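One letter stands for each residue in the lines below.
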Number of protein chains: 2
Amino acid sequence: MQDNADLGVFAVQLESCALDGWTQLPGSVTASPELLAMDVPERTDRVGQLMARLHARGLVQGWRDELHPISQFFQTETLFEMERACLPYFGLRGYGIHVNGYVRRDGQLFVWVATRSHNKATYAGLFDQMVAGGLPSGVSLIENVAKEAVEEAGVDLADLDNLTSVGSLSYRYETRKGLSAKSLFLYDLELPPSFTPINLDGEVEEFNLVPVSAVLESIACNLRAWKPNSAVVMIEFAVRHGVINPTCEPDYLRLSKYLR
Amino acid sequence: MQDNADLGVFAVQLESCALDGWTQLPGSVTASPELLAMDVPERTDRVGQLMARLHARGLVQGWRDELHPISQFFQTETLFEMERACLPYFGLRGYGIHVNGYVRRDGQLFVWVATRSHNKATYAGLFDQMVAGGLPSGVSLIENVAKEAVEEAGVDLADLDNLTSVGSLSYRYETRKGLSAKSLFLYDLELPPSFTPINLDGEVEEFNLVPVSAVLESIACNLRAWKPNSAVVMIEFAVRHGVINPTCEPDYLRLSKYLR
């Protein structure tokens with residue numbers, strides 16, 4: 001980054017390897033004293049100017065026009081807001097919600113699998129949870145779940161009484177853009193057998209009600225047909241509901257351990 | 001250990017700190033070539049002789065007369081069997097099952113909390129799951145759950161149809177004896193409101209049906225009344241069933257992450 005000095009946004013520090021043999025990360029980005037002295041709207045504005053310049057030069061891609069609060073931990077004090085597309089370039093954590101829409105029928109579990117629209121910017125045409133989405137700034141988790149459930153799947157508000165918060169899933173992975181760090185808040189939504197999801201916002205191509213065992217077979221044999229994190233959410237669902245269990249899965253302890 | 005040479009069981013290696021600044025564990029125990037050349041019953045016998053000598057000298061305490069299979073991972077090839085009380089002295093992992101017996105009533109969740117018998121060798125008089133126990137050698141998880149559920153809580157075999165494998169919990173902690181490493185296999189058992197557990201093996205003083213919210217309050221205010229790992233299993237249950245959720249728990253992501 002060569003834009004630091006004039007915008008006073010970030011200072012880049014390159015640290016050499018320590019002498020005691022511990023390898024440190026080769027570089028880090030810290031906020032400049034000038035940025036720290038500002039209030040949140042000013043910081044957001046200043047960071048936004050830098051991001052816009054990086055974007056104009058093609059150094060930041062996939063702009064979504066969606067501000068994301070940056071804080072040390074989830075929903076602790078907001079330090080500033082930043083365009084969501086920029087997060088991986090700085091390894092900053094993003095948050096999202098995934099809802100497993102499921103049906104019990106004759107003692108067997110079925111889940112609603114969404115096929116993402118072919119027009120989506122990311123993972124177009126791939127399998128996904130019935131409802132999923134990033135968490136925008138200033139929206140609570142439950143508001144976000146309710147909004148997405150209605151828009152994406154036409155869920156009736158009364159059916160949301162069965163919504164249960166069931167845990168979380170955090171991961172980081174390297175992308176072309178940098179380090180993508182995500183935490184997903186997971187929800188189960190048991191639906192009446194009579195329910196059929198209807199997509200209202202054009203983000204879903206179709207929905208299919210599939211036995212969990214068939215979903216796992218699809219993940220095992222055809223993983224590329226799945227949005228990667230949605231496949232992991234499905235596996236977590238199968239562990240939590242006993243479809244993957246220590247009797248059928250030799251590597252159960254390790255599998256279960258890493259699903260959080 | 002000075003018994004190695006004559007029994008040919010273990011060789012103790014003390015490794016010095018490496019020069020590159022990485023600290024290694026100060027010591028390790030490896031099997032002697034003589035032990036490795038034996039078959040499983042011979043190895044078990046030879047290790048057993050050494051353990052009996054350590055026990056006779058008071059160096060191993062809490063003998064249970066229960067053999068535990070030692071393998072690299074859960075239920076992979078048994079290398080030898082060892083008295084369960086000896087595991088922490090060598091940091092070897094033990095396995096167990098914990099069953100959350102719960103009841104849904106008017107949309108609220110209640111769990112059956114056991115008070116451990118005052119005569120138990122460990123954690124006497126403390127709160128525990130309705131059913132819990134170590135996994136003995138040669139018994140499958142489901143056999144163990146069924147056996148303990150009948151003996152400890154008088155569960156009807158028909159009610160076991162509602163048993164669900166829901167995940168695992170692995171941890172290690174330092175004890176006076178050494179390093180205790182445990183993996184618990186977790187199960188939920190939804191029970192009819194008419195069910196009342198009856199203890200048949202003298203290991204439980206009494207059972208109480210308690211709202212999950214009150215259980216959490218007890219853990220928060222009176223943690224010493226709980227068997228430690230059973231309190232963690234209760235917290236995991238509350239996360240999985242949405243009683244602890246991201247709206248009520250500011251540190252939800254970290255809490256959820258470490259519960260596996």
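Quick note: structure is the one above.
Remember, predicted model here, so these are calculated numbers, not experimental data.

A separate point is the overall build of chain A. When helices and strands are tallied, chain A shows eight helices and eleven strands. At a minimum sequence separation of 6, the contacts of chain A that also span at least 24 residues come to 60%.

This part is about the packing of helix H6 (residues 212–221) of chain B against helix H7 (residues 228–240) of chain B. All names here are of chain B. Look at H6 against H7: their axes get within 10 Å of each other, and the N-to-C directions meet at 140°. One finds that H6 runs oblique with respect to H7. Classified by chirality, the crossing of H7 by H6 is left-handed. Residue-level contacts link Val-212, Val-215, Leu-216 and Ile-219 of H6 to Ala-231, Met-234, Ile-235, Phe-237 and Ala-238 of H7. Considered class by class, the residues forming the contact of H6 with H7 number nine nonpolar, no polar and no charged.

Taken as a whole and judged by the stated rule, the model has 20 salt bridges over all chains. Between Arg-240 of chain A and Glu-236 of chain A there is a salt bridge, and its shortest N-O distance comes to 3.0 Å. With Arg-240 of chain A and Glu-236 of chain A both in helix H7 (residues 228–240), this residue pair falls four residues apart, about one helical turn. Comparing Arg-240 of chain A with Glu-236 of chain A shows no difference in burial state: the two are buried. Of the charged contacts, one joins Arg-46 of chain B and Glu-34 of chain B as a salt bridge, the two residues approaching to 3.3 Å between their closest N and O atoms. Residue Arg-46 of chain B is located in helix H3 (residues 40–56), and its partner Glu-34 of chain B is located in helix H2 (residues 33–36); the two are separated by twelve residues in the primary sequence. Of the residues examined, Glu-34 of chain B reaches a relative accessible area of 43% and is grouped as partly exposed. Through salt bridges that share partners, Asp-188, Glu-236 and Arg-240 of chain A together with Arg-260 of chain B make up one connected network.

On to a nonpolar patch on the surface. All names here are of chain A. A contiguous nonpolar surface patch, about 390 Å² in accessible area, is contributed by Val-150, Leu-157, Ile-198 and Leu-200. Here Leu-200 is to be found in the loop between strand E10 (178–190) and strand E11 (204–211). The exposed category is assigned to Leu-200, whose relative accessible area is 58%.

Let us now look at the environment of Leu-79 of chain B. All names here are of chain B. Relative to the helices and strands, Leu-79 resides in the loop between strand E3 (67–70) and strand E4 (80–83). For the pair Leu-79 and Arg-43, spaced 36 residues apart in sequence, the C-alpha separation works out to 8.0 Å. With sequence-adjacent residues up to four places away left out, Leu-79 is seen in contact with Val-40, Arg-43, Ile-70, Ser-71 and Gln-72.

Right, let's talk about H6 of chain B for a bit. Since one α-helical turn is 3.6 residues long, residues separated by three or four positions face the same way. All names here are of chain B. Residues of H6 that are buried: Val-212, Val-215, Leu-216, Ser-218 and Ile-219. Projected down its long axis, H6 shows its buried positions confined to an angular sector of 155°, all on one face. In H6, the exposed residues that point more than 90 degrees away from the buried face are Glu-217, Ala-220 and Cys-221. Summarising the contacts, the buried residues of H6 are in contact with strand E6 (108–116), strand E7 (127–129), strand E11 (204–211) and H7.

Here we take up the pairing of strand E3 (residues 67–70) of chain A. Residue and element names in this part refer to chain A. A one-sided burial pattern is seen for E3, the buried positions being His-68 and Ile-70 and the unburied ones Leu-67 and Pro-69. Here E3 pairs with strand E4 (residues 80–83) via four bridges, running antiparallel. Bridge pairing in E4 links Leu-67 to Glu-83.

A common measure of how large an interface is: the accessible area buried when the components associate. Listed by partner, the interface residues are 31 residues for chain A and 32 residues for chain B. Each partner contributes to the roughly 2,400 Å² buried at the junction of chain A and chain B, and carbon and sulfur atoms together form 55% of this total. Applying the counting criterion to the chain A and chain B interface returns two salt bridges. Measuring nitrogen to oxygen at the nearest pair gives 3.2 Å for the salt bridge that ties Arg-260 of chain A to Glu-236 of chain B. Mapped onto the side of chain A that touches chain B, the elements with two or more residues apiece are helix H5 (141–153), strand E9 (163–175), E10, H7 and helix H8 (252–257) of chain A. Considering each element in turn, the side of chain A that touches chain B owes the most residues, six residues, to E9 of chain A. Across the side of chain A that touches chain B, the residue classes break down as 14 nonpolar, twelve polar and five charged.

Right, let's get into H5 of chain A. Residues and elements named next belong to chain A. The terminal C-alpha atoms of H5, which comprises 13 residues, lie 17 Å apart, in line with the 18 Å expected from a rise of 1.5 Å per residue. Burial in H5 covers these residues: Leu-141, Asn-144, Val-145, Glu-148, Ala-149, Glu-152 and Ala-153. When H5 is viewed along its axis, its buried side chains cluster within an angular range of 130° and face the same direction. Close packing links the buried residues of H5 with strand E5 (93–105), strand E8 (131–134), E9, E10 and E11. At the exit of H5 stands Gly-154, carrying a positive phi of roughly 60°.

Residues and elements named next belong to chain B. Phi angles above zero are rare outside glycine, and Asp-65 is one such case at about 60°. Its location among the elements puts Asp-65 in the loop between H3 and E3. Overall, the relative accessible area of 69% leaves Asp-65 in the exposed class. A positive phi angle, close to 55°, is found at Gln-75, a residue other than glycine. The residue Gln-75 is located in the loop between E3 and E4 in this model. On the basis of relative accessibility, which here comes to 52%, the residue Gln-75 falls in the exposed class.

What follows deals with the side chain of Gln-129 of chain A. Residues and elements named next belong to chain A. Structurally, the position occupied by Gln-129 is in strand E7 (residues 127–129). Given the relative accessible area of 2%, Gln-129 is considered buried. A distance of 3.0 Å separates a polar atom in the side chain of Gln-129 from the backbone oxygen of Ser-230.

On to the packing of aromatic side chains, then. All names here are of chain A. Here the structure, examined in full by the defined rule, presents 14 aromatic pairs over all chains. The interplanar angle of 45° and the centroid separation of 4.6 Å between the aromatic rings of Phe-74 and Phe-185 together place this pair among those described as tilted. On the criterion of sequence distance, the pair formed by Phe-74 in the loop between E3 and E4 and Phe-185 in strand E10 is long-range, its members being 111 residues apart. In terms of burial, Phe-74 and Phe-185 fall into one category: buried.

What counts as what
- Residues numbered from 1 in each chain as written.
- Chains lettered and ligands numbered in written order.
- Predicted model: local features only at pLDDT ≥ 70, side-chain atom pairs only at ≥ 80, totals over all residues.
- Heavy atoms only, no water.
- Helix = DSSP H or I, 4+ residues; strand = E, 2+ residues; numbered from the N terminus.
- Contact = heavy atoms within 4.5 Å.
- Axes fitted to C-alpha atoms, helices over the stretch in contact; angles between N-to-C directions.
- Parallel < 35°, antiparallel > 145°, perpendicular 65-115°, else oblique.
- Left-handed = near helix turned anticlockwise from the far one by under 90°.
- Nonpolar A, V, L, I, M, F, W, Y, C, P; charged D, E, K, R; others polar.
- Salt bridge = Lys/Arg side-chain N within 4 Å of Asp/Glu carboxyl O.
- Buried < 20%, exposed > 50% of the residue type's maximum accessible area, 1.4 Å probe, protein only.
- Patch = residues over 30% accessible without salt bridge, like charges linked within 9 Å, V, L, I, M, F, W, Y side chains within 5 Å.
- Areas by Shrake-Rupley, 256 points an atom, 1.4 Å probe, with all protein chains shown as cover.
- Arc of directions from axis to C-beta.
- Pairing = 2+ DSSP bridges.
- Buried area = accessible area lost by both parts, 1.4 Å probe.
- Expected span 1.5 Å × (residues − 1).
- Polar contact = N/O pair within 3.5 Å; in protein donor to acceptor, adjacent residues only side chain to side chain.
- Phe/Tyr/Trp six-rings, centres within 6.5 Å; stacked < 30°, edge-to-face > 60°.

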